[in-house]
Amino acid sequence: MRNDRDQHLSDELLERYADADLAGAARASADRHLAACPACRARLSEWQSLFLQLSALPQLPPAQGFAERVLSRLVVGAAGAAAAPGKAARRAVRVPGWARRLVPAAAGAGALWTGGVAAALFWLYRRAGATPGGILTWAAGELRDAFWGGIVRVAEVITLSGVGTYAVPLLLLWAIFGAFATWGAWTLYRLAGPTARVRSYA
Amino acid sequence: MDTPRLDDRELVAQARSGDEAALRELIRRFERPVFSLIFRLVRHRETAEDLAQEAFVKAFQNLDRFDPRYKVSSWIFKIAHNHAIDHLRRRRVDTLSIHGSPYALDAEEARESELAVAAPGASPEAAYEARELGSAIEQAIGRLRPAYRTAVLLRHVEGRAYEEIAEIMDLPIGTVKTYLHRARAELKAMLGHLRE
Ligand SMILES: [Zn+2]
């Protein structure tokens with residue numbers, strides 16, 4: 001600033017002034033000019049307004065459970081690396097977002113399925129008077145039969161018990177449910193013991 | 001192990017020996033700054049969540065390459081920034097290769113954010129976005145080129161020193177200062193336009 005009066009403050013200087021990046025003589029000189037020059041005061045206020053808005057920008061948080069999602073991806077990546085060392089070790093296996101969001105549903109289905117089997121066995125035991133050993137023997141016999149034969153026998157048992165009209169759709173639903181539950185159990189297995197697997201990787 | 005008491009470098013050493021609590025603490029310390037930066041770079045919440053998770057996974061898989069002379073935060077920011085920029089480049093190649101203009105990306109971003117504001121009822125996600133990045137200053141930041149955006153965000157949201165920003169962005173300090181000056185001049189012009 002050779003002459004406070006003659007030369008307006010540069011944009012860069014005003015920016016530094018607004019950023020509180022001016023001190024000493026430079027600051028004093030700028031203050032003198034600003035006190036006498038409404039044009040530079042107006043330009044300064046634009047910078048000040050910008051810095052004010054920038055300083056008010058908040059940090060934006062990720063959705064809840066971020067850490068869990070990172071760790072589960074790390075574990076899935078580690079499992080993949082253990083299975084195929086070398087090239088695959090560098091890159092985590094990608095589990096698509098929709099699949100990760102379905103994990104709790106699949107786990108719930110697994111629990112329901114297990115509960116359902118237990119309840120059915122109990123019901124058979126009470127209703128048909130079969131002993132647990134008897135049910136086991138019967139099941140072992142069924143397993144020895146051909147696959148379709150087994151299905152027919154189960155259908156027969158269900159028909160005899162009075163829910164006959166719903167037998168086929170029920171069986172179908174049960175099969176779909178079973179597949180879903182198996183997938184849930186597999187996912188749970190992969191996620192089990194994160195510490196051990198993370199350790200093996202890190 | 002009292003992980004919250006450890007400093008960042010000690011945590012990394014601990015995490016390197018496979019301590020899950022140390023990994024969790026590192027995530028706790030950096031999830032907000034990392035997500036914030038990526039979100040404002042890609043301007044789409046779900047994509048940002050995904051990229052931020054991947055950035056942490058990358059960092060954790062390369063813990064043994066961390067150089068203790070640097071700050072842990074710089075190292076994590078660097079991975080996050082590079083990952084988000086890679087994503088933006090991939091997307092630009094996918095969608096806008098014809099123009100090849102360095103501003104094409106920004107124009108696209110601008111259109112996206114305008115859409116989010118223009119149709120707040122379109123989807124819950126769009127309405128959410130409009131609310132989070134809808135203010136005049138956020139819109140203006142969205143129109144800066146990504147490198148300017150990172151410089152401004154690291155300086156003003158994260159309060160990082162020029163040296164650190166230079167480290168994170170792999171640029172000389174002079175370039176960082178130039179970026180910041182140009183970025184703020186552009187922001188001032190955009191916000192001035194809005195006022196008129
Ligand atoms: Zn003046």
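Residues numbered from 1 in each chain as written. Chains lettered and ligands numbered in written order. Predicted model: local features only at pLDDT ≥ 70, side-chain atom pairs only at ≥ 80, totals over all residues. Heavy atoms only, no water.

1. Remarks on the overall build of chain A
- Counting its regular elements, chain A contains 9 helices and 0 strands.
- Shown N-terminal to C-terminal, the secondary structure of chain A runs as helices and strands in the order α-α-α-α-α-α-α-α-α.
- Per element, the accessible surface of chain A, about 12900 Å² overall, is 66% carbon and sulfur. (Helix = DSSP H or I, 4+ residues; strand = E, 2+ residues; numbered from the N terminus. Areas by Shrake-Rupley, 256 points an atom, 1.4 Å probe, with all protein chains shown as cover.)

2. What about a nonpolar patch on the surface?
All names here are of chain A.
- Side chains of Trp113, Val117, Leu121 and Trp174 sit close together on the surface and give an oily, nonpolar patch of about 340 Å² of accessible area.
- Checked against the element boundaries, Trp174 lands in helix 8 (residues 167–191).
- Relative accessible area serves as the criterion here: at 39%, Trp174 is assigned to the partly exposed category. (Patch = residues over 30% accessible without salt bridge, like charges linked within 9 Å, V, L, I, M, F, W, Y side chains within 5 Å. Salt bridge = Lys/Arg side-chain N within 4 Å of Asp/Glu carboxyl O. Buried < 20%, exposed > 50% of the residue type's maximum accessible area, 1.4 Å probe, protein only.)

3. Some words on the confidence of the model for chain B
Residue and element names in this part refer to chain B.
- In the predicted model, chain B carries a mean pLDDT of 84, and 79% of its residues have values of at least 70.
- Contacts for the low-pLDDT stretch residues 97–104, under 50 throughout, to residues beyond four places or in other chains number 5 contacts.
- Under a pLDDT of 50 for its full length, residues 113–123 has, in the predicted model, 9 contacts with residues more than four places off or in other chains.
- Both confidence scores are given for the complex: pTM 0.62, ipTM 0.79. (pLDDT = per-residue confidence, 0-100. Contact = heavy atoms within 4.5 Å.)

4. Points about the coordination of the zinc ion
Residues and elements named next belong to chain A.
- Protein coordination at the zinc ion comes from His8 (ND1), His33 (NE2), Cys37 (SG) and Cys40 (SG), with a distance range of 2.0 to 2.3 Å.
- Taken together, the 4 donor atoms coordinating the zinc ion span angles of 98 to 124 degrees at the metal, a pattern that classifies the geometry as tetrahedral.
- All donors of the zinc ion belong to a single chain; written as a sequence motif, their spacing is H-x24-H-x3-C-x2-C. In this pair, the class of Cys37 matches that of Cys40, namely buried. (Donors = N, O, S within 2.8 Å, 3.2 Å for Na, K, Ca; no water. Tetrahedral: all angles 85-135°; square planar, octahedral: opposite > 155°, others 65-115°.)

5. Brief notes about the packing of helix 2 (residues 20–42) of chain B against helix 3 (residues 45–61) of chain B
All names here are of chain B.
- Here helix 2 crosses helix 3 at 135 degrees, and the two axes come no closer than 9 Å. The angle between helix 2 and helix 3 falls in the class oblique. The hand of the helix 2/helix 3 crossing is right-handed. Between helix 2 and helix 3, the residues in contact are Leu23, Leu26, Ile27, Phe30, Glu31, Val34, Phe35, Ile38, Phe39 and Val42 and Arg45, Thr47, Ala48, Glu49, Leu51, Ala52, Ala55, Phe56 and Phe60, respectively.
- A per-class count over the contact of helix 2 with helix 3 returns 15 nonpolar, 1 polar and 3 charged. (Axes fitted to C-alpha atoms, helices over the stretch in contact; angles between N-to-C directions. Parallel < 35°, antiparallel > 145°, perpendicular 65-115°, else oblique. Left-handed = near helix turned anticlockwise from the far one by under 90°. Nonpolar A, V, L, I, M, F, W, Y, C, P; charged D, E, K, R; others polar.)

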